[in-house]
Amino acid sequence: MKVQLKTFRRHLLRYSLRTLLVLVTFVALWLGWKVNRVRNQQTAVAAIEAAGGMVRYDWMEDYYQAESAKGSVHWSAMYGGYESRSWPTLRRWIGDEYFEYVIGVWVNMSEFDEHDSNDKRWIATLNHLPKLTTLHIEDISINDHDVQHLKGLTTLQSLSLRRTGVTDSVVVQLENLVDLECLDLTGTSVSDESVEMLIGFSKLKHLWLDNTKVTRSGAEKLRGVLQHCRVFSSSD
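Given the structure is predicted, the values throughout are model-derived calculations rather than measurements. (Residues numbered from 1 in each chain as written. Predicted model: local features only at pLDDT ≥ 70, side-chain atom pairs only at ≥ 80, totals over all residues. Heavy atoms only, no water.)

A. Examining the overall build of the chain more closely. The number of helices and strands found in the chain is seven helices and seven strands. Ordered by position in the sequence, the α and β elements of the chain form the string α-β-α-α-β-β-α-β-α-β-α-β-α-β. Counting over 236 residues, the chain shows a buried share of 39%. Nonlocal contacts in the chain, meaning residues at least 24 apart in sequence, comprise 59% of its contacts between residues at least 6 apart. Accessible area for the chain stands at about 13,700 Å²; split by element, carbon and sulfur atoms hold 55% of it. (Helix = DSSP H or I, 4+ residues; strand = E, 2+ residues; numbered from the N terminus. Buried < 20%, exposed > 50% of the residue type's maximum accessible area, 1.4 Å probe, protein only. Contact = heavy atoms within 4.5 Å. Areas by Shrake-Rupley, 256 points an atom, 1.4 Å probe, with all protein chains shown as cover.)

This is the structure we're talking about:
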């Protein structure tokens, strides 16, 4: 009986050590992934802010929606006296970055004249933001190479490329962004050649085509197919 008990304890200890080893390995891998994600996000945020842009974090969303319901709110207002209340003690110990995701990016060079609009290295860092849902890039010249960095942003729901000079060849590269609900192409060089591609965005609710090369017939075709989408076009 004693021998059996010792054998049982020995097996139990062996399995306990194996379980502990697996658990420690899992935690180490999770922490490694977490630290890498945080560093990548920090790199992206630093690059965006260096270009004169601003970011919105997930914990700001409730406040942003509440302020938006009252009327137009500038993103800079997000930084005025509102802070996340979740996990305050842990935040003080290890930093806010481990508890927040960037969900919105806004860069408008017309409001940040002191920044070099030709320095677009920050665009490549957008792929470090896995939960990005809103991206506004305005008054910046965008080419095919720049747009390649937007292909993987499949979580985007709102995209603005106002006055970026994008053409039909650039718009085609956005076909993977199937969850888009709002797309603003105001002041770009897109034409009727983009109509068929735009029809593929079946979830669109708002589409802005003011001051583009899209004709009235092109806009009407979009309205006929995307019946749940409001199409705004100065060609009407």
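B. Expanded view of the environment of D58. When you line up the elements, D58 lands in the loop between β1 (54-57) and α2 (61-70). Of the residues examined, D58 reaches a relative accessible area of 31% and is grouped as partly exposed. Residues D58 and F99, spaced 41 residues apart in sequence, show a C-alpha to C-alpha distance of 9.4 Å. Beyond its immediate chain neighbours, meaning those up to four positions away, D58 contacts F99, E100, Y101 and I103.

C. Spotlight on the nonpolar core. If you look at the biggest cluster of nonpolar residues, it comprises 48 residues, and the most contacted ones within it are V105, L126, L135 and L198. Broken down by element, the residue count for this core peaks at four residues, all from helix α6 (residues 195-199). Excluding anything up to four places from it in sequence, L126 contacts I48, V105, L132, L135, L150 and L153. (Core = buried A, V, L, I, M, F, W, Y, C linked by side-chain atoms within 4.5 Å.)

D. Broad picture of the pattern of salt bridges. The final tally for this structure, using the stated rule, is seven salt bridges. Residues D146 and K120 are paired through a salt bridge, measuring 3.0 Å at the closest nitrogen-oxygen approach. Remark: K120 occurs in the loop between β2 (102-108) and β3 (134-138) and D146 occurs in helix α4 (residues 144-147); sequence separation between them is 26 residues. Here D146 and K120 have matching classes, each one buried. (Salt bridge = Lys/Arg side-chain N within 4 Å of Asp/Glu carboxyl O.)

E. Region of interest: the environment of G53. As for its placement among the helices and strands, G53 is situated in the loop between α1 (2-50) and β1. Sequence-wise, G53 and W122 are 69 residues apart; in three dimensions their C-alpha atoms are separated by 9.7 Å. Discounting chain neighbours no more than four positions away, the residues touching G53 are I48, W106 and V107.

F. Region of the structure containing the pairing of β1. Neither face of β1 is exposed, since M54 and R56 on one face and V55 and Y57 on the opposite face are all buried. Two strands pair when backbone bridges link them, and β1 and β2 are joined in this way by four bridges, in the antiparallel orientation. Across the sheet, residue Y57 finds its bridge partner in β2, namely V102. (Pairing = 2+ DSSP bridges.)

G. Quick peek at the pairing of β3. Counting buried positions along β3 yields four of five residues, so the element is predominantly enclosed. Examined bridge by bridge, β2 and β3 share five bridges and lie parallel to one another. Counterpart to N108 in the pairing with β3 is E138. Relative to strand β4 (residues 158-160), β3 runs parallel, the two sharing three bridges. Within the sheet, the bridge partner assigned to H136 lies in β4 and is S160.

H. Here's a closer look at helix α7 (residues 216-225). Within α7, burial applies to G218, A219 and L222. One side of α7 carries all its buried residues, which in axial view fall inside an arc of 100 degrees. Counted as exposed and oriented over 90 degrees from the buried face of α7: R216 and S217. Summarising the contacts, the buried residues of α7 are in contact with α6, β6 (206-208) and β7 (230-232). (Arc of directions from axis to C-beta.)

I. Molecular detail of the confidence of the model for the chain. Per-residue pLDDT for the chain averages 80, and the proportion of residues at 70 or more is 67%. When the criterion is pLDDT under 50, residues 75-81 qualifies, and its contacts beyond four places in sequence or with other chains add up to 17 contacts. (pLDDT = per-residue confidence, 0-100.)

J. Local environment of the state of the cysteines. What the rule picks out here adds up to zero disulfides. As a non-bridged cysteine, C182 has C229 as the owner of its nearest cysteine sulfur, 8.4 Å distant. (Disulfide = S-S within 2.5 Å.)

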